[in-house]
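Now for the letters of each chain:
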Amino acid sequence: MNTAELLKMLFSTSFTVYALIGGIAVALCAALLGVSLVLKRYSMIGDGLSHVGFGVMAVAMTVGVAPLALSIPTVIIAAIFLLRISERGIGGDAAIALISSSALAIGVIVISLGGGMNVDISDYMFGSSILTLTKGDVIISIVLAAVVIMLYIIMHNRIFAITFDEKFATATGNRSGLYNMIIAVLTAVTIVIGMRMIGALLISSLIIFPPLTAMRVCRSYRSVEICSVIVAAVCVVAGMLVSFILSIPTGAAIVLTNLCVFIIFWAVSFIARRIVRR
């Protein structure tokens, strides 16, 4: 079976098309926000917020509440709280560890009290359910992703300013605290909508890998953004293809595809530097 036939088979059903659209929507948001977060050395916020999302999801599924409806406001509050305690003397890494470990512990306890882990909870943890997305899930993902991308584009210049020199940006009249909060909120929304597709324990990789990959070969902020978005979209498609061929969880396949692309870009960058030095 050649590549064309394989792709035709993969995307011949509605659920794979839904998975593709939803996955790309989340990947684009994560890649854009990840550029600023990585450069500000705050990339692990995605990991912390994903653990919060997992804890909230465990509670929601145990008490019979829609996970998305409860997760979005709770994770947004956690993102704002994370910024506040960081500003008051607790380092960013320590604040993330504090929140993520606490939320994960709450989730584990709730799952234990609720009768143990079931298939739905496992899907939210590891991203096995990207291929079970419904049309409604995809519509919600597209709408939220469109809002995130639109706000990012509108605030692009200010995000650029606070990314590279927050003190100077504040001195020139930019409300750095407000824009940091907006970035955190947009990240929280991206984490929640991507949690079911990629998995709570894997979603932070979509924030970290594409920007780091792009930075191996790109030097300007805009070129890193463009390359990061392209890498994220390509890795989603390639990851789904690998998942289909090998019958492995889609979320994990997408993450490993990102890892492979990062290694390739790093190798190209390393070889190029050696050639230039010679």
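Here the residue index of a chain counts from 1 through its sequence in written order. Reporting in this predicted model follows two pLDDT cut-offs: at least 70 for local features of residues, and 80 or more for side-chain atom pairs to be given and counted; totals over whole chains, interfaces and linings ignore these cut-offs and use all residues. Side-chain measures here rest on the full set of heavy atoms in the structure, leaving out hydrogens and waters.

### Here we look at the overall build of the chain
Secondary structure elements are defined from DSSP: runs of H or I of at least 4 residues count as helices, runs of E of at least 2 residues count as strands, and each element is numbered from the N terminus. Of regular secondary structure, the chain possesses 13 helices and 0 strands. Counting from the amino terminus, helix and strand elements in the chain follow one another as α-α-α-α-α-α-α-α-α-α-α-α-α. Taking the intrachain contacts of the chain between residues at least 6 apart in sequence as the baseline, contacts between residues at least 24 apart amount to 77%. Only heavy atoms enter the contact rule, under which two residues are in contact if any of them lie within 4.5 Å.

### Concerning the state of the cysteines
Cysteine sulfur atoms that pair up within 2.5 Å are treated as a disulfide. Per the counting criterion, the structure on display carries 0 disulfides. Of the cysteine sulfurs around Cys227, a residue in no disulfide, the closest is that of Cys218, at 4.0 Å. According to the relative accessible area criterion, Cys227 is buried, its value standing at 14%. Burial status follows relative accessibility: with a 1.4 Å probe on protein chains alone, a residue under 20% of its type maximum counts as buried, one over 50% as exposed, and anything between as partly exposed.

### With respect to helix 3 (residues 45–63)
What a helix is expected to span follows from its residue count: subtract one and scale by 1.5 Å. Here helix 3 is 19 residues long and its end C-alpha atoms lie 27 Å apart, about the 27 Å a rise of 1.5 Å per residue gives. The element helix 3 is extensively covered by neighbouring structure, given that 15 of its 19 residues are classed as buried. Trailing helix 3 by a residue or two, Gly64 shows a phi angle of about 85°, which is positive.

### Considerations on the packing of helix 11 (residues 204–215) against helix 13 (residues 250–277)
Contact pair helix 11 / helix 13: the axes reach a minimum separation of 9 Å and the direction vectors enclose 20°. Relative to helix 13, helix 11 is oriented roughly parallel. Both helix 11 and helix 13 take part in a crossing whose hand is left-handed. Residue-level inspection shows Ser205, Leu206, Phe209, Pro210, Leu212 and Thr213 of helix 11 in contact with helix 13, the latter providing Ile254, Val255, Asn258, Leu259, Val261, Phe262 and Phe265. Grouping the amino acids of the contact of helix 11 with helix 13 by side-chain chemistry returns 10 nonpolar, 3 polar and no charged. Every axis in this analysis is a line fitted to C-alpha atoms, fitted for helices over the stretch in contact. Angles between the N-to-C directions lie between 0 and 180 degrees. Any angle from 65 to 115 degrees is called roughly perpendicular, while one under 35 is roughly parallel, one over 145 is roughly antiparallel, and all others are oblique. In this scheme the handedness of a crossing depends on how the near helix is turned from the far one: anticlockwise by less than a right angle means left-handed, clockwise means right-handed. Residues were grouped as follows: Ala, Val, Leu, Ile, Met, Phe, Trp, Tyr, Cys and Pro as nonpolar; Asp, Glu, Lys and Arg as charged; and all remaining residues, including Gly, as polar.

### Remarks on the packing of aromatic side chains
Between the rings of Phe, Tyr and Trp (Trp by its six-membered ring), a pair exists once the centres lie within 6.5 Å; its type follows the angle of the planes, with under 30 degrees stacked, over 60 edge-to-face, and the other angles tilted. Evaluated as defined, the whole model comprises 3 aromatic pairs. Note on Trp266 and Phe270: the rings are 5.5 Å apart at their centroids and 15° apart in plane angle, and the pair reads as stacked. With Trp266 and Phe270 both in helix 13, this residue pair falls 4 residues apart, about one helical turn. What makes Trp266 partly exposed here is its relative accessible area of 42%.

### Here's the deal with a nonpolar patch on the surface
A cluster of nonpolar residues, Ile139, Val143, Val147, Met150, Leu151 and Ile154, forms a patch on the protein surface that exposes about 520 Å² of accessible area. Mapping Leu151 onto the fold places it in helix 7 (residues 135–154). Patch definition: residues above 30% relative accessible area lacking any salt bridge, with like charges linked at up to 9 Å and the nonpolar side chains Val, Leu, Ile, Met, Phe, Trp and Tyr linked at up to 5 Å. Here the accessible surface of atoms and residues is derived via Shrake-Rupley with a 1.4 Å probe, and residues count as covered only by protein chains that are part of the display. Salt bridge, as used here: a side-chain nitrogen of Lys or Arg that lies within 4 Å of a carboxyl oxygen of Asp or Glu.

### Things to note about the environment of His156
By secondary structure assignment, the location of His156 is in helix 8 (residues 156–164). In this structure His156 comes out as buried when scored by relative accessible area, which is 13%. Filtering out sequence-adjacent residues up to four positions away, His156 remains in contact with Tyr221, Arg222 and Glu225. Engagement of the side chain of His156 in a polar contact is seen with the side chain of Glu225, the distance being 2.9 Å. Under the rule applied, a polar contact is a pair of N or O atoms within 3.5 Å (in protein, one hydrogen donor and one hydrogen acceptor; residues adjacent in sequence only if both atoms are side-chain atoms).

### Topic: a positive patch on the surface
Counted as positive: Lys and Arg. Counted as negative: Asp and Glu, with His and the chain ends omitted from the count. A charge is said to be at NZ when it belongs to Lys, at CZ for Arg, at CG for Asp and at CD for Glu. On the surface, Arg219, Arg273, Arg274, Arg277 and Arg278 cluster together to form a positively charged patch. If you trace the backbone, Arg274 turns up in helix 13. For Arg274, a relative accessible area of 37% puts it in the partly exposed group.

### Points about the environment of Val224
With respect to the helices, strands and loops of the structure, Val224 is situated in helix 12 (residues 221–246). The class of Val224 is buried, set by a relative accessible area of 7%. The spatial distance from the C-alpha of Val224 to the C-alpha of Leu32 is 9.3 Å, given a sequence separation of 192 residues. Each residue touching Val224, except ones within four places of it in the same chain, is listed here: Val35, Pro211, Ala214, Met215 and Cys218.

### A closer look at the packing of helix 8 against helix 12
Packing of helix 8 against helix 12 brings their axes to within 12 Å, and their N-to-C directions diverge by 110°. When the axis of helix 8 is compared with that of helix 12, the two are roughly perpendicular. Along this stretch, helix 8 crosses helix 12, giving a crossing that reads as right-handed. Contact residues: His156, Ile159, Phe160, Thr163 and Phe164 in helix 8; Tyr221, Arg222 and Glu225 in helix 12.

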